[in-house]
Amino acid sequence: MQDTSIERVKRAFIAGIWATLVSITIGFGFKIWLAQWVAKEDLALYHTVVDIVSLSLILMTGFRSSMVVSYSQTQNDRDITNIFRYSLIAMVLLTWGVVLPYIKHRLHIDVEYFHLVGIILGMGFKVYFTNQIAMYRMYTISNRVTWMEPLSQVVIFLASFYLLKQTAIASLFFSLMLSSITMAGFMFINRRKQVATTPLASVNLDPDLRNFVKKSFTASLEAGASILMIYITVLMTIGHFSIDELGDFQVVVRPIIAYLTLLFVFPIYRFVFPELAVCVRKNDLEQIKQIKRWVYKLAVIIGASFFTLMLCFSHEIVSWVFPPQYSKAAPVLMHFSMFFVFMMLNAYQLAFIKAHGLFTQSLVIRICGILALIGSYYIYSRITDNVVAVILALGSGYLLMFILSSIVERQIVKRGDKFVIV
């Protein structure tokens, strides 16, 4: 008997949680260990540089959602993949030519060109194969990469620092670069066992492919807007607070946000969204309802648990895990916990909206979240001069996105329209 979509979602989601827990154990333990002896300023510099480089290439992850929807509708992986290849090559070259000089000459950050170029190429390869296995719904490979990547980064860092006698910050850049390339190779080999590599060739842009390009461009902008929300909080912290408070955010708060997102939000895009796209194509409304009920129940349980934990024990947890100089991060984490449930619910709603082909509406919702983040920050900053104003503004952005996406979701359900991909 063939599995239903809800069964595949549950199985992949739960396996993804376990894989991500292993990833968190390795990655977060590594960050805690680094925080014990690497200079706070070096860690803040490393994370900031990676943020800037990542912002441009992560735009290409926006292609993932349009690739999933378009492949679900047309099964034309040859042309879809080639369009993505040409777009990714252009973005890598643009990042190399624009972002790299910006880091070196505008921000005057002392980082080797070799490190920056290596990160750009390594992350480019990883994005390419990550999008491919998402398009083919290869959930097992995706879950393996989740825990293998931080493990490879730790191993490479140790080899670089202790065997090759590189500095700590140079070893961090080497480990990120080489682990990305290693994971790209792993995904290529395992994907090729199931699906042959499509040849690099010219593309005949028929109406379906033109729609794919249009959706991909919109989805890329949305992915950029999603990452930009976190990036704006970093810029606000840099511009309005001290390097010490930036360190609290980059070393403690931001990694915890990232890990919670990896654990509970990204699986919605990785596993729930592809199945929603298939259900929409089949007009399987019952499966969609079952998936929604399961995701909402999970979001409420996780959100309430996280908030209760931070409300009661945020100071104890931070002081237990991190050195004393990071203790001021505790109230920031507590305030963030109030909004995490909206991140999960909004992830489902945007996945539902995009599964119906409404990529423009999803982008507009993201833009409204950014505007709410910026506007609410200046309101909160008049009330308090504490860095907690930044995280409250971020939460307000997600809250507004949740409200807007709920409205659009209800409109789709009320109209009972499949919204054939346009």
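Before reading on, note that the structure itself is shown above.
Residues numbered from 1 in each chain as written. Predicted model: local features only at pLDDT ≥ 70, side-chain atom pairs only at ≥ 80, totals over all residues. Heavy atoms only, no water.

K.L.:
Explain the pattern of salt bridges to me, please; I cannot follow it from the model alone.
P.N.:
Scanning the model with the defined rule gives eight salt bridges in all. A salt bridge links Glu 275 to Arg 8, with the shortest nitrogen-to-oxygen separation between them at 3.1 Å. Taken together, the residues span a long stretch of sequence, with Glu 275 in helix 9 (residues 243-282) and Arg 8 in helix 1 (residues 5-37) at a distance of 267 residues. When sorted by exposure, Glu 275 lands in the same class as Arg 8, which is buried. For Asp 79, the salt bridge identified is with Arg 78, shortest N-O distance 3.1 Å. Here the salt bridges do not stand alone but share partners, grouping Arg 8, Arg 137 and Glu 275 into one network. (Salt bridge = Lys/Arg side-chain N within 4 Å of Asp/Glu carboxyl O. Helix = DSSP H or I, 4+ residues; strand = E, 2+ residues; numbered from the N terminus. Buried < 20%, exposed > 50% of the residue type's maximum accessible area, 1.4 Å probe, protein only.)

K.L.:
Looking at this structure, how should I read a nonpolar patch on the surface?
P.N.:
A contiguous nonpolar patch, built from Tyr 86, Ile 89, Leu 93, Trp 96, Leu 121, Phe 125, Leu 178, Ile 181 and Leu 200 and spanning about 860 Å² of accessible area, is present on the exposed surface. At the level of elements, helix 4 (77-106), helix 5 (113-135) and helix 7 (168-194) are the ones that each hand at least two residues to the nonpolar patch. (Patch = residues over 30% accessible without salt bridge, like charges linked within 9 Å, V, L, I, M, F, W, Y side chains within 5 Å. Areas by Shrake-Rupley, 256 points an atom, 1.4 Å probe, with all protein chains shown as cover.)

K.L.:
Quick question: what am I supposed to make of unusual backbone geometry here?
P.N.:
Generally, phi is negative for residues other than glycine and the peptide bonds are trans, each holding for most cases. For Arg 137, which is not glycine, the phi torsion reads 55° and is therefore positive. With respect to the helices, strands and loops of the structure, Arg 137 is situated in the loop between helix 5 and helix 6 (139-163). The phi dihedral of Lys 165 is positive, around 60°, even though this residue is not glycine. Classification of Lys 165 by relative accessible area gives exposed; the value is 66%.

K.L.:
Please clarify how the packing of helix 13 (residues 359-383) against helix 14 (residues 388-415) should be interpreted in this entry.
P.N.:
A pair of packed helices can be characterised by two numbers: the angle between their axes and the separation between those axes. In contact at an axis separation of 7 Å, helix 13 and helix 14 are set at 145° when each is read in the N-to-C sense. Our pair here, helix 13 against helix 14, has a crossing hand that is right-handed. Along the contact surface, helix 13 presents Ile 365, Arg 366, Cys 368, Gly 369, Ala 372, Leu 373, Ser 376, Tyr 377, Tyr 380 and Ser 381, while helix 14 presents Ala 389, Val 390, Leu 392, Ala 393, Leu 394, Ser 396, Gly 397, Leu 400, Met 401, Leu 404, Ser 405 and Val 408. Broken down by class, the residue content of the contact of helix 13 with helix 14 amounts to 15 nonpolar, six polar and one charged. (Axes fitted to C-alpha atoms, helices over the stretch in contact; angles between N-to-C directions. Left-handed = near helix turned anticlockwise from the far one by under 90°. Contact = heavy atoms within 4.5 Å. Nonpolar A, V, L, I, M, F, W, Y, C, P; charged D, E, K, R; others polar.)

K.L.:
So what exactly am I meant to see when it comes to the packing of aromatic side chains here?
P.N.:
The description of two aromatic rings rests on the distance between their centres and on the angle between their planes. Across all of its chains, the model carries 23 aromatic pairs by this definition. When the ring of Tyr 46 is compared with that of Phe 173, the centres are 5.2 Å apart and the planes differ by 70°; the resulting orientation is edge-to-face. Of this pair, Tyr 46 sits in helix 2 (residues 40-58) while Phe 173 sits in helix 7, and the two are 127 residues apart along the sequence. Neither residue differs from the other here; Tyr 46 and Phe 173 are each classed as buried. Consider the rings of Phe 114 and Phe 174, whose centres lie 5.8 Å apart with planes at 55°: the pair is tilted. Linking Phe 114 in helix 5 with Phe 174 in helix 7, this pair joins segments that are 60 residues apart in sequence. Judged by its relative accessible area of 53%, Phe 114 falls in the exposed class. Among the aromatic residues, those joined into a cluster by ring pairs are Phe 30, Trp 33, Trp 37, Phe 157, Phe 161 and Tyr 162. Here Lys 292 stacks its cationic end above the ring of Tyr 296, 5.2 Å away from the centre of that ring. Directly above the ring of Phe 273 sits Lys 354, whose terminal nitrogen or CZ lies 5.8 Å from the centroid. (Phe/Tyr/Trp six-rings, centres within 6.5 Å; stacked < 30°, edge-to-face > 60°. Lys NZ or Arg CZ within 6 Å of the ring centre and 35° of its normal.)

No statement about biological role is implied by the geometric values presented.
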